[in-house]
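Here's the letter readout for the chains.
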Amino acid sequence: SAQGAVFLKQVPIGRSSLDPLELRQAIAEISRQWPGDTYDPFKRNCNHFADYLCEELTGKRAPPYINRFTKSCLVRGIFYRCVVPIGRCLDRFYQHGGITYDDESDTADAGDDAPESVVPGARGINQVLVEAATAQKLKANRLFKEGEYGEARECYTKAMGYLRTMPRRTEDDDEAVTQGEVVRRALTLNLALCDLKQGAYDRVVETCTELLAEDSGSQKALYRRGVALQHLGRFEEA
């Protein structure tokens, strides 16, 4: 639901063969190409994103009429000459409502490999990003146990990329932001461990130092930085 908007109808576009978790990972990956600071009402609005998303997931585009207004010279003129100035004046007095996405009936079955930090029923892009990052983390954990440290690091880095794109829009996002922070710290420690296994000791020291600036009591960060310092011959610091 979006405050101020009235639901009209659903328009079936096509089908996707992805399961719910794969779908959320796909949306998370696509969302990285559409950061909020690139928004443009006539070139990159929410309808453009919907059209792109439909094509990526189903191979079919959204109905062209959803973005018909972007082609109108009259709309452009009214928007830039009237709406934008008025909006800037009113913005300081108006409290923006958030957007929620209810999807309680579409929760993935929690099997042995289910993410440990999955938010039940994704309600927005932040929850989707946290779930996608957690799924990547689990994949990376399996690769790490198999000794594939380079591939594991790539997955951990990809998961971190999801979390970096998380917007903070409303108080409703607090839970997802908090969970995202927990996952981010775990990913940071795992990246340090991969670097330790691969002999990138300077990078381990840098990563753990940054984490310790946030959490000075992190035992894993202290230990991994100490091991890396020892390998670098900095024994007193270790």
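Conventions adopted
Residues numbered from 1 in each chain as written. Predicted model: local features only at pLDDT ≥ 70, side-chain atom pairs only at ≥ 80, totals over all residues. Heavy atoms only, no water. Patch = residues over 30% accessible without salt bridge, like charges linked within 9 Å, V, L, I, M, F, W, Y side chains within 5 Å. Areas by Shrake-Rupley, 256 points an atom, 1.4 Å probe, with all protein chains shown as cover. Salt bridge = Lys/Arg side-chain N within 4 Å of Asp/Glu carboxyl O. Lys, Arg positive; Asp, Glu negative; His and termini not counted. Charge placed at Lys NZ, Arg CZ, Asp CG, Glu CD. Helix = DSSP H or I, 4+ residues; strand = E, 2+ residues; numbered from the N terminus. Buried < 20%, exposed > 50% of the residue type's maximum accessible area, 1.4 Å probe, protein only. Expected span 1.5 Å × (residues − 1). Contact = heavy atoms within 4.5 Å. pLDDT = per-residue confidence, 0-100. Axes fitted to C-alpha atoms, helices over the stretch in contact; angles between N-to-C directions. Parallel < 35°, antiparallel > 145°, perpendicular 65-115°, else oblique. Left-handed = near helix turned anticlockwise from the far one by under 90°. Nonpolar A, V, L, I, M, F, W, Y, C, P; charged D, E, K, R; others polar. Core = buried A, V, L, I, M, F, W, Y, C linked by side-chain atoms within 4.5 Å.

Visitor: Just checking my understanding: could you explain a negative patch on the surface for this structure?
Guide: A cluster of like negative charges, contributed by E146, E148, E151 and E154, occupies part of the molecular surface. The residue E154 is located in helix α5 (residues 149–164) in this model. Judged by its relative accessible area of 59%, E154 falls in the exposed class.

Visitor: I keep staring at helix α8 (residues 219–231) and nothing clicks. Help me out?
Guide: Along an α-helix, residues three or four apart share an orientation, since each turn contains 3.6 residues. In this model, α8 (13 residues) spans 19 Å end to end at C-alpha, consistent with the 18 Å of a helix rising 1.5 Å per residue. The complete set of buried residues in α8 reads A221, R224, G226, V227, A228 and L229. Looking at the buried residues of α8, the elements they touch are α6 (174–198) and α7 (201–214). Following α8 by one or two positions, G233 has its phi on the positive side, about 80°.

Visitor: Please clarify how the confidence of the model for the protein chain should be interpreted in this entry.
Guide: If pLDDT is low for a region, its predicted coordinates should not be looked at in detail. With 78% of its residues at a pLDDT of at least 70, the protein chain reaches an overall mean of 79. For residues 97–122, every residue scores under 50 in pLDDT, and the model assigns this stretch 46 contacts once sequence neighbours within four places are set aside.

Visitor: How should the packing of helix α1 (residues 20–31) against helix α2 (residues 46–58) be read in this particular structure?
Guide: Relative orientation and spacing of two packed helices are given, respectively, by the angle between their axes and the distance between those axes. The contact between α1 and α2 brings their axes to 11 Å, and the two run at 130°. Relative to α2, the element α1 is oriented oblique. Where α1 crosses over α2, the two elements pack in a sense that is right-handed. Residues L23, A26, I27, I30 and S31 of α1 form the contact with α2, whose own contacting residues are F49, Y52, L53, E56 and L57. Tallied by class, the residues present in the contact of α1 with α2 amount to eight nonpolar, one polar and one charged.

Visitor: Help me understand the pattern of salt bridges in this model?
Guide: Side chains bearing opposite charge may pair, as long as their charged atoms lie close to each other. Per the counting criterion, the structure on display carries eleven salt bridges. Ionic pairing is found between D195 and R203, a salt bridge with its closest N-O pair at 2.9 Å. Owing to a relative accessible area of 38%, R203 belongs among the partly exposed residues under this scheme. With a closest N to O distance of 2.9 Å, E237 and R234 form a salt bridge. With a relative accessible area of 51%, E237 lands in the exposed category. We classify R234 as partly exposed; its relative accessible area is 33%. Through salt bridges with shared partners, a single ionic network connects E181, R184, R185, E214 and D215.

Visitor: I keep staring at the nonpolar core and nothing clicks. Help me out?
Guide: In this structure, A152, Y156, L163 and L187 are the most contacted members of the largest nonpolar core, which totals 26 residues. Residue assignment for this core shows that the elements contributing at least two residues are α1, α4 (125–145), α5 and α6. Ranked by the residues each element gives to this core, the list is headed by α4, at eight residues. Those residues in contact with A152 that sit more than four places away from it in its chain are A140, L143, F144 and C194. Membership of the second largest hydrophobic core comes to twelve residues, among which are L189, A192, L196 and V204.

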